[in-house]
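Spelled out, the chains give:
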Amino acid sequence: MPGVVATSRRGAAGLTQGRARACARWRELPGAAACAPRVLLPFLLERGSLSQLLRAHGREFRVLRLGQGLHAGPAGVLWTREVLLLVDGVPVVWARSVLPADALRGAWRALRGFGTRALGDWLFQRGDVRRGPLELRRLGSADPAARAVARALARTGFRAEAAGTGALWARRSAFVRRGSDLALTEVFLPPAKRLRRGA
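Residues numbered from 1 in each chain as written. Predicted model: local features only at pLDDT ≥ 70, side-chain atom pairs only at ≥ 80, totals over all residues. Heavy atoms only, no water.

Caption draft 1: Up close: the overall build of the chain. For the chain, the helix and strand inventory stands at five helices and eight strands. Along the chain direction, N to C, the helices and strands of the chain fall in the order α-β-α-α-β-β-β-α-β-β-α-β-β. Sequence-distant contacts, at least 24 apart, represent 67% of the contacts inside the chain between residues at least 6 apart. As displayed, the chain has an accessible area near 10500 Å², and 54% of this comes from carbon and sulfur atoms. (Helix = DSSP H or I, 4+ residues; strand = E, 2+ residues; numbered from the N terminus. Contact = heavy atoms within 4.5 Å. Areas by Shrake-Rupley, 256 points an atom, 1.4 Å probe, with all protein chains shown as cover.)

As structure tokens, this is what we get:
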């Protein structure tokens, strides 16, 4: 029955390729969770403070600020902040926050001089901040976020510490405060798969 075997192999390959394409698009939960590696699900699905969760997985948690400031783009002037989140000296998450510049004079003015403080520590202490749906995605090497991560690791000298195999996984959501949105994207680096609670 070689024809049957060949057909089922092609069918399996088609399903795998279809799943890969589906995982490479932003997808909301709960459907998106089926694509993600099980070891990362506690981090990807966390709706509370990721910073707080990471603290429980090591002796030392630190925020390394890569850049923060105003940038002109097609959508107008935006404020962006990029950081690496480190557990025991190893980068495990790259994160970018983006919001309209005029929001710094209003709902988000506290972020202007934020320094190396963890954004989650501030967001989840506010009673007037609402988080939108979480979306997950597997990043290809050509994805702008994946390229930004590679540049950040090269610039900071962390390339070896963050080395690993497999695709990068990202999540994104919007935080709404007084009608103004802050967009947050977080990319999980390979060492995040090795984190253990209480380590």
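Further notes follow.
Caption draft 2: Looking closely at the packing of aromatic side chains. For the coordinates displayed, the defined rule picks out four aromatic pairs. Judged by centre distance (5.8 Å) and plane angle (50°), the ring pair of Trp108 and Trp122 falls under tilted. Here Trp122 lies in helix H4 (residues 119-123) and Trp108 lies in the loop between strand E4 (90-100) and H4, a separation of 14 residues in the sequence. You can call Trp108 buried: its relative accessible area is 0%. Judged by centre distance (6.4 Å) and plane angle (85°), the ring pair of Phe114 and Trp122 falls under edge-to-face. Each member of the pair, Phe114 as well as Trp122, carries the same accessibility label: buried. (Phe/Tyr/Trp six-rings, centres within 6.5 Å; stacked < 30°, edge-to-face > 60°. Buried < 20%, exposed > 50% of the residue type's maximum accessible area, 1.4 Å probe, protein only.)

Caption draft 3: Local environment of helix H5 (residues 144-156). For H5, spanning 13 residues, the distance from its first C-alpha to its last is 18 Å, which sits close to the expected 18 Å at 1.5 Å a residue. Of all the positions in H5, only Ala145, Ala146, Ala148, Val149, Ala152 and Leu153 are classed as buried. Within H5, the buried residues cover an arc of 160° as seen down the axis, which keeps them to one side. Facing away from the buried side of H5 by over 90 degrees, the exposed positions are Pro144, Arg151 and Arg155. In this fold, the buried residues of H5 make contact with strand E2 (61-73), strand E3 (76-87), E4, strand E6 (135-139), strand E7 (168-177) and strand E8 (180-188). The residue sitting at the N-terminus of H5 and contributing the capping side-chain oxygen is Asp143; that oxygen lies 2.8 Å from the backbone nitrogen of Ala145. Gly157 sits one or two positions beyond H5 and adopts a positive phi of about 80°. (Expected span 1.5 Å × (residues − 1). Arc of directions from axis to C-beta. Polar contact = N/O pair within 3.5 Å; in protein donor to acceptor, adjacent residues only side chain to side chain.)

Caption draft 4: Representation of the pattern of salt bridges within the structure. A full pass over the atoms with the stated rule returns seven salt bridges. Notably, a salt bridge pairs Arg96 with Glu82, separated by 2.7 Å at the nearest N-O pair. Within this pair, whereas Arg96 is found in strand E4, its partner Glu82 is found in strand E3, the two being separated by 14 residues in sequence. A relative accessible area of 25% means that Arg96 is categorised as partly exposed. Glu82 sits in the buried class, given a relative accessible area of 18%. (Salt bridge = Lys/Arg side-chain N within 4 Å of Asp/Glu carboxyl O.)

Caption draft 5: Summary view of the state of the cysteines. All chains considered together, the criterion is met by one disulfide. Note that Cys23 is cross-linked by a disulfide to Cys35, the S-S spacing being 2.1 Å. Here the S-S torsion is close to -85°, and the disulfide linking Cys23 with Cys35 is therefore left-handed. Of this pair, Cys23 sits in helix H1 (residues 2-23) while Cys35 sits in the loop between strand E1 (27-28) and helix H2 (41-44); the two residues are twelve residues apart in sequence, bridging distant segments of the chain. (Disulfide = S-S within 2.5 Å.)

Caption draft 6: Main features of the side chain of Arg81. With respect to the helices, strands and loops of the structure, Arg81 is situated in strand E3. This buried residue, Arg81, is left without a salt bridge; Asp121 holds the nearest opposite charge, at 9.4 Å. Engagement of the side chain of Arg81 in a polar contact is seen with the backbone oxygen of Arg117, the distance being 2.9 Å. Once residues within four sequence positions are removed from consideration, Arg81 is found in contact with Val63, Arg65, Gly67, Gln68, Ala95, Arg96, Ser97, Phe114, Gly115, Thr116, Arg117 and Leu119. (Lys, Arg positive; Asp, Glu negative; His and termini not counted.)

Caption draft 7: Quick look at the confidence of the model for the chain. With 89% of its residues at a pLDDT of 70 or more, the chain has an overall mean of 87. Under a pLDDT of 50 for its full length, residues 1-9 has, in the predicted model, zero contacts with residues more than four places off or in other chains. Under a pLDDT of 50 for its full length, residues 11-15 has, in the predicted model, zero contacts with residues more than four places off or in other chains. (pLDDT = per-residue confidence, 0-100.)

Caption draft 8: Highlighting the pairing of E8. For E4 and E8, the ladder comprises six bridges, and the chain directions are antiparallel. Each residue of the ladder has a partner; that of Val93, found in E8, is Phe188. (Pairing = 2+ DSSP bridges.)

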